[in-house]
Amino acid sequence: LDSGCLGAGSQEKHLALKISKQVKKQLEAQYPGVQVLMTRYSDVFIPLYKRAAIANKAKADLFISIHCNALPASKVTKGTETYVLGLHKADENLKVAKRENASVLLEDNYENNYDFDPNSDQGHIMLSMYQNAFLEQSISFAEKVEKNMASVAKRRSRGVKQAGFLVLHQTTMPSVLVETGFLTNAIDEKYLKTENGQRQIAASILKAFSEYKREVEKTETNYIASAPPKNTRNPTKKSS
């Protein structure tokens, strides 16, 4: 099984699942009419293309991929960062994408499911150039996530970033990948291992969702209000 990145006493796969379950619990409590689908409920590995396929099949309105971050021991970094699909702005972003995309190597016959070489820098760069039709909405939600990570969870926000992630590349809705903290940082790891920390991270995502939902609904309402009335009379024929 893919354990994800490792801390001194934790594994990404366990913490990411606990946070995801908190997000589902809090979202459904505040919005009973909103259906939250999980790509997994237990310690199982779901191929990246299937994660996107689950969301696409359900015609989901938003895709949130929750992760924990890591850096070499020589680098001391902490905080959250939220990614949208796009060009790598820095070598560090490329390294994060390569680490997350490396999960495909655990999949049987992954070559049949992706037009992508996970061992090639060029493959990741080409992937990052994919034009996401929902990039504007993805960035809007990502900005709200990072704002609330700072204000609600009191975490250091490292901002919104762009990189080529396979799991985001194949979704057909606004999509983000949230790195909730660095397991290679003792402070972040200790926080993410606590139930209170997991609840606060989830609460930050919930508040971001609330703000994003209001924004989307306001935009839709304004669009309907500004739409021209339908002409119920017969259209006038143009003279030739």
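Residues numbered from 1 in each chain as written. Predicted model: local features only at pLDDT ≥ 70, side-chain atom pairs only at ≥ 80, totals over all residues. Heavy atoms only, no water.

Student: Which parts of the structure should I look at to understand unusual backbone geometry?
Tutor: What is expected of a backbone is that most residues other than glycine have negative phi and most peptide bonds are trans. Positive phi, normally seen in glycine, also occurs at Lys59, with a value near 55°. At Lys154, a position not held by glycine, the phi torsion is positive, near 60°. Relative to the elements of secondary structure, Lys154 occurs in the loop between helix H5 (135–151) and strand S3 (157–163). Its relative accessible area of 62% is what places Lys154 among the exposed residues. (Helix = DSSP H or I, 4+ residues; strand = E, 2+ residues; numbered from the N terminus. Buried < 20%, exposed > 50% of the residue type's maximum accessible area, 1.4 Å probe, protein only.)

Student: Mind showing me how you'd approach helix H2 (residues 48–57) here?
Tutor: The periodicity of an α-helix, 3.6 residues per turn, causes residues three or four positions apart to be oriented the same way. Here H2 has its buried residues at Leu48, Arg51, Ala52 and Ala55. Buried residues of H2, seen end-on, are gathered within an arc of 90° and therefore sit on one face of the element. (Arc of directions from axis to C-beta.)

Student: Explain the environment of Arg51 to me, please; I cannot follow it from the model alone.
Tutor: Mapped onto the secondary structure, Arg51 falls in helix H2. Judged by relative accessible area, Arg51 falls into the buried class, the value being 14%. Excluding residues within four positions of it along the chain, Arg51 makes contact with Thr39, Phe45, Ile46, Phe63, His67 and Val167. (Contact = heavy atoms within 4.5 Å.)

Student: What is the right way to read the sheet that holds strand S2 (residues 80–85) from this model?
Tutor: Strand order in the open sheet formed by 4 strands is S1-S4-S2-S3, with mixed pairing between adjacent strands. The open sheet has two edge strands with one neighbour each: strand S1 (63–69) and S3. Ignoring strand direction, the axes of neighbouring strands in this sheet form an average angle of 20°. Of the strand pairs in this sheet, S1 and strand S4 (residues 175–182) are connected by 6 bridges, and their pairing is parallel. Of the residues in S4, the one forming a bridge with Ser65 is Leu177. Along the sheet, helix H1 (residues 12–30) contacts S1 and S4; its crossing angle with S1, the most-contacted strand, is approximately 140°. (Pairing = 2+ DSSP bridges. Axes fitted to C-alpha atoms, helices over the stretch in contact; angles between N-to-C directions.)

Student: Explain the pattern of salt bridges here, please?
Tutor: For side chains bearing opposite charge, pairing can occur when the charged atoms are close. Counting across every chain of the model gives 9 salt bridges. Here Lys24 makes a salt bridge to Glu28, at a shortest N to O gap of 2.8 Å. Taken as a pair, Lys24 and Glu28 lie in helix H1 at a separation of 4 residues, close to a single helical turn. For Lys144, the salt bridge is made with Glu215, and the minimal N-O distance between the two is 3.0 Å. With Lys144 in helix H5 and Glu215 in helix H8 (residues 195–226), this residue pair connects regions lying 71 residues apart in the sequence. By relative accessible area, which is 13% here, Lys144 ends up buried. For Glu215, a relative accessible area of 34% corresponds to the partly exposed category. Among the ionic contacts, a cluster of salt bridges with common partners joins Glu81, Arg158 and Lys161. (Salt bridge = Lys/Arg side-chain N within 4 Å of Asp/Glu carboxyl O.)

Taken by themselves, the reported measurements are silent on function.
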